[in-house]
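One-letter residues, chain by chain:
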Amino acid sequence: MTKNTESWGSRVGLVLAMAGNAVGFGNFLRFPVQAVQNGGGAFIIPYLVSFLLMGIPLLFIEWSSGRFGGKFGHHSTPFILQSMDKRWIWKYVGVFGIFSNIAIAAYYCYIESWTMSYIIHSLIGSFDGLSQHAVANFFTDYLDISTSTTGIPYEALVFFVLCIALNTWILSKGLSGGIEKVAKIGVPLLIVFGIFLAIKGVTLKAGINGAIHDGTKGLNFLWTPDFTSLANPKVWLAAAGQIFFTLSVGMGSIQCYASFLKKRDDVALNAMSAGWMNEFVEVVLGSAVIIPIAIGYLGIDKVVELTNVGGLGLGFRTMPFLFEQWGPVLSAVAGSAFFGLLFFAGITSSLAMGTPGMGFMMDEFKWSRKQSALAFGLVVMILGLPTIFFFNEGVFDEYDYWAGTVSLVVFALLEAILFSWVFGLDKGWKEITAGADIKVPLVYRFIIKYITPVALILVFTGALIRPANDDWTRVSLRGWTLHNESILGQLQHKGAGPNNQWFSKSFYAEAPGIVDSVYSIPGDKFFFRTSAMDNSGKVNTRIYQYTPVKHQLVVEKGDIVTTGQVVYIGKVINRVFFMDMARMLLLTVFLLISLLVFIAWRNRTKERRNGI
Amino acid sequence: MNTPAFVMMITVELVITFLTVWFFYKVLTIKPKPEPDSFSENDDDPR
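Residues numbered from 1 in each chain as written. Chains lettered and ligands numbered in written order. Predicted model: local features only at pLDDT ≥ 70, side-chain atom pairs only at ≥ 80, totals over all residues. Heavy atoms only, no water.

J.: So what exactly am I meant to see when it comes to the packing of aromatic side chains here?
T.: Think of a pair of aromatic rings as described by two things: how far the centres are apart, and how the planes are tilted against each other in angle. Residues and elements named next belong to chain A. Counted by the stated rule, this structure contains 55 aromatic pairs over all chains. The ring of W601 is capped by K91, whose NZ or CZ atom sits 4.4 Å from the centre of that ring. When the ring centre of W421 is taken as origin, the NZ or CZ atom of K449, which lies over that ring, is 4.6 Å away. (Phe/Tyr/Trp six-rings, centres within 6.5 Å; stacked < 30°, edge-to-face > 60°. Lys NZ or Arg CZ within 6 Å of the ring centre and 35° of its normal.)

J.: Sorry, what's going on with the nonpolar core here?
T.: Soluble, globular proteins show a tendency: their nonpolar side chains are buried together. Residues and elements named next belong to chain A. Of all hydrophobic cores here, the largest spans 194 residues; its most connected members are F60, W63, W114, W223, F244 and F338. Counting residues per element, this core draws most heavily on helix α6 (residues 96-124), at 17 residues. Contact partners of F60, with chain neighbours within four places excluded, come to A268, A271, M272, I432, V440, Y444 and I448. The next biggest cluster of nonpolar side chains, apart from the first, holds 11 residues, and it includes A509, V515, Y544 and Y546. (Core = buried A, V, L, I, M, F, W, Y, C linked by side-chain atoms within 4.5 Å. Buried < 20%, exposed > 50% of the residue type's maximum accessible area, 1.4 Å probe, protein only. Helix = DSSP H or I, 4+ residues; strand = E, 2+ residues; numbered from the N terminus. Contact = heavy atoms within 4.5 Å.)

J.: Honestly, the pattern of salt bridges in this entry has me stumped. Any pointers?
T.: A side chain with one charge may pair with a side chain of the opposite charge, provided their charged atoms come close. Under the defined criterion, the tally for this structure stands at 17 salt bridges over all chains. The residue R542 of chain A makes a salt bridge to E510 of chain A at a minimum N-O spacing of 3.2 Å. Here E510 of chain A lies in the loop between β1 (503-508) and β2 (513-521) and R542 of chain A lies in strand β4 (residues 539-546), a separation of 32 residues in the sequence. Between R529 of chain A and D516 of chain A there is a salt bridge, with the nearest N and O atoms lying 3.0 Å from each other. A residue pair is termed long-range when its members are at least 10 positions apart, and R529 of chain A in strand β3 (residues 525-533) and D516 of chain A in strand β2 qualify at 13 residues. Salt bridges sharing partners connect three or more residues here, namely R11, D266 and D437 of chain A together with K33 of chain B. (Salt bridge = Lys/Arg side-chain N within 4 Å of Asp/Glu carboxyl O.)

J.: Could you clarify how one ought to interpret the sheet that holds β4 of chain A in this entry?
T.: Either a parallel or an antiparallel arrangement is found when strands of a sheet pair, and the pairing is made through backbone hydrogen bonds. Residue and element names in this part refer to chain A. Pairing is antiparallel in the open sheet, where four strands are placed in the order β4-β3-β2-β6. Bordering the open sheet on either side are β4 and β6 (560-561), each of which pairs with just one other strand. Of the strand pairs in this sheet, β3 and β4 are connected by eight bridges, and their pairing is antiparallel. Each bridged residue has a counterpart across the sheet, and for S531 the counterpart in β4 is T541. (Pairing = 2+ DSSP bridges.)

J.: Mind showing me how you'd approach the environment of G296 of chain A here?
T.: Residues and elements named next belong to chain A. Secondary-structure assignment places G296 in helix α14 (residues 290-298). The exposure class of G296 is buried, given its relative accessible area of 0%. Considering only alpha carbons, one finds G296 and G207, 89 residues apart in sequence, at a separation of 9.8 Å.

J.: When you look at the interface of chain A and chain B in this model, what are you seeing that I'm missing?
T.: Interfaces are often described in size by the accessible area the parts lose on coming together. Listed per partner, the contact involves 42 residues of chain A and 28 residues of chain B. Here chain A and chain B share an interface that buries about 3,000 Å² over both sides, 69% of which is from carbon and sulfur atoms. Connecting chain A to chain B are one salt bridge. Notably, a salt bridge pairs K33 of chain B with D437 of chain A, separated by 2.9 Å at the nearest N-O pair. Here chain A and chain B share 12 residue pairs in polar contact (both at pLDDT 80 or more) between them. No other element matches the 10 residues that helix α13 (residues 268-285) of chain A contributes to the side of chain A that touches chain B. (Buried area = accessible area lost by both parts, 1.4 Å probe. Polar contact = N/O pair within 3.5 Å; in protein donor to acceptor, adjacent residues only side chain to side chain.)

As structure tokens, then:
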């Protein structure tokens, strides 16, 4: 048996740690953006339906299977799943539950480090007096690791390493001495910060401090129901997807936390409490911060445009400028509260990502907690470095897509099938209800067995074959055009356009347009821009960077370019190279963890302790 | 705010807030299980 004898300090600590695991950047940055892009108030209906039919069942499944595996001394998914069915395949399915945590932590800690840095920048007044454009550029400069915004060389890298070091140190203190203490401070604090910002957002008044609309205009926009969107599969898939990300299901961290529970202790009430706490932070607080403030200052059209590039851009490129409108003192308070709540949301999640890998090494290789924490920190740092150095080449997005999106859906689907159909729902139901402090509605037997797996199959299939423009009417046996972000589309590099080779001697225009400017910015960075008007009258621009010492520009201002036309000549390493390298790196990590699981299994066999 | 948006927001937020508070209240107030339980802070508590 394992020598891992950690335990939770208190039940409240466990629930707050689980809630902290679930509450993350997505609650404040992703949810409002998804809601805006998917019908405003009507989005909440599929979202809540997904929570009831997929989120809660998965919480029950993960909490109870974690506690079940913990009875046999397992604290990570490979052997938790193996304890539920002896077939060899399950321990390799369980590899997802270590892999996704490590890979997500690698880029998640990078975002977390941005929040640390932005708290400091808010307090020292780095954004004071900057225009909106300058605040947006500040973020671009921050991501360019060679540019320093505080005087610290390689600032983004320094904060990333500091962030990893902090996570590692807390993880080395253990469950009750580290993670639980952070959750008990972090979760209440982020709720307090969230309430403060939500009150500021909702009470925003047009004409005061530069606001052009009341805060309620943003709420109107977010909550006005558009019931026609309910018939759109895209909205349902987006809602189901959001439930995944927000609850941290399909990751293996919930099973790990729950594996430290004894068999007589409750999982049903704990799961519901942590799950609904996450919903409170996401729906009640998350909807009342960014959108009301951003729409109050920028108007609906501008915010919709900004949401098209995701929540991160809105949070880091725009919010500091908006807080500046409240004056130097309040902007420092609001900025540090906003990035502080993001930091606490982030760190309580990244700590949860550390525990499955650590639990595995402690259980199977008898590593100490400190050794395991150090190894986690080191692996995450090494794996995270490509996301920093090649952020603009799409490595960050590759990690997010394959480890932070696809892996979660695949793992959740397989664990739901294991729990309901292989382990068997009769046994599963006993696990969910054993020691329960609430009566779990019987309807969940039916939901867990039939509805949840089917919903997960639909979500996975939807992601796999998503059609272009999310036009599901085009899907037929004769074929259809795939969405660039569908799994099959991603595998085929559908979004790469004409620059779809790793290396090339020319770079090709990715969209038609007129070259309207050729310019450089300090730091010897050279660009040219093309612009074109689409059918709706909207001007689409595209900016290309080139390096004069390596590339010879063959277009000039005023030229009309077509897609696929050569725009500069010289040695080019295209984005697809970095994307494929990122994929290979992730695959290598997955295979290495699989190898460790194999070695662990062989050791168990040798020691005759695999009689689970 | 327009009425449908207001009704939607208040209904959803009240339901979520109520359930969050109710479940957390139960966590705080339900009598702990007899030892040995999963939690170390109450190990010295008389039961």
